[in-house]
Amino acid sequence: MKIVKCKLKNDQQVLGVLKKNTKGISAYGVLKELQRYKNVTPMTVYRSLKNLQNMGAVHKSNQSKNYFICHNDSKGKHNAVLAICDDCGTAEELKTDIFSRIIKNVKSKNKFNFDNFNLEITTTCRECA
Ligand SMILES: [Zn+2]
Ligand SMILES: [Zn+2]
């Protein structure tokens, strides 16, 4: 797992919670975790999650609304392809190269820009299959 240096203490603590919850955790879940030992507002948690996302340290599933720690070596913000288990919610970040190549060749009527894409593949993990 890559080492992410955070300037802000809050970011570091939020990252700590995400590291422990490899199956993903909601923003509310992060809040609850942190509130066990410190006074923290939802706003602080959202801001930290946003910072971490911008740093490419964390990804959010738009489907489950959960946050996942990045397992990729790429530095900074990057396209993410997440495979998510429909049954248990386990997520895995897949290598993006092959997906980037496919998506670049997709013709879009509305001229969507595919440079910044996020992809979620809902499927079943080996343990649930
Ligand atoms: Zn990543
Ligand atoms: Zn599963």
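Numbering of residues starts from 1 in every chain and runs along the sequence as written. Whichever chain is written first becomes A and whichever ligand is written first becomes 1, with later ones labelled in order. The model is predicted, so local features are restricted to residues of pLDDT at least 70 and side-chain atom pairs to those at 80 or more, both for listing and for counting; the totals for chains, interfaces and linings are taken over all residues.

Chemist: Can you tell me about helix 2 (residues 27–35), naming the residues and giving the values?
Modeler: With C-beta atoms placed from the backbone, a residue counts as buried when 20 or more other C-beta atoms lie within 10 Å of its own, as exposed when 12 or fewer do, and as partly exposed for counts between those limits. Working definition: helices are DSSP H or I runs of at least four residues, strands are E runs of at least two. Numbering for both runs from the N terminus. Those residues of helix 2 that fall on the buried side of the exposure criterion are V30, L31 and L34. Buried residues in helix 2, looked at end-on, bunch into an arc of 100°, giving them a common side. Of the surrounding elements, those touching the buried residues of helix 2 are helix 1 (9–20) and helix 3 (42–54). Note that the arc is computed from the directions linking the helix axis to the C-beta atoms. Once C-beta atoms have been placed from the backbone, residue pairs whose C-beta atoms lie within 7 Å are recorded as contacts.

Chemist: Run through the confidence of the model for the chain, naming residues and quoting values.
Modeler: Within the chain, residue pLDDT values average 89, and 95% of them lie at 70 or more. Averaged pLDDT values for the elements of the chain fall to 88 in helix 4 (residues 97–104) and rise to 97 in helix 2. Known as pLDDT, the predictor's per-residue confidence is scaled from 0 to 100.

Chemist: Let's hear about helix 3: which residues, and what values?
Modeler: Helical periodicity: at 3.6 residues per turn, an α-helix aligns residues three or four positions apart in one direction. Each residue after the first adds 1.5 Å to the expected span of a helix. The end-to-end C-alpha distance of helix 3 is 18 Å, a good match for the 18 Å that 13 residues give at a rise of 1.5 Å each. Taken residue by residue, helix 3 has V45, S48, L49 and L52 as its buried positions. Taken around the axis of helix 3, the buried residues stretch over an arc of 100°, which confines them to a single face. Every exposed residue of helix 3 that faces more than 90 degrees away from the buried side is listed here: M43 and N54. Buried residues belonging to helix 3 abut helix 1, helix 2, strand 1 (58–60) and strand 2 (67–69). One or two positions beyond helix 3, positive phi appears at G56, with a value near 80°.

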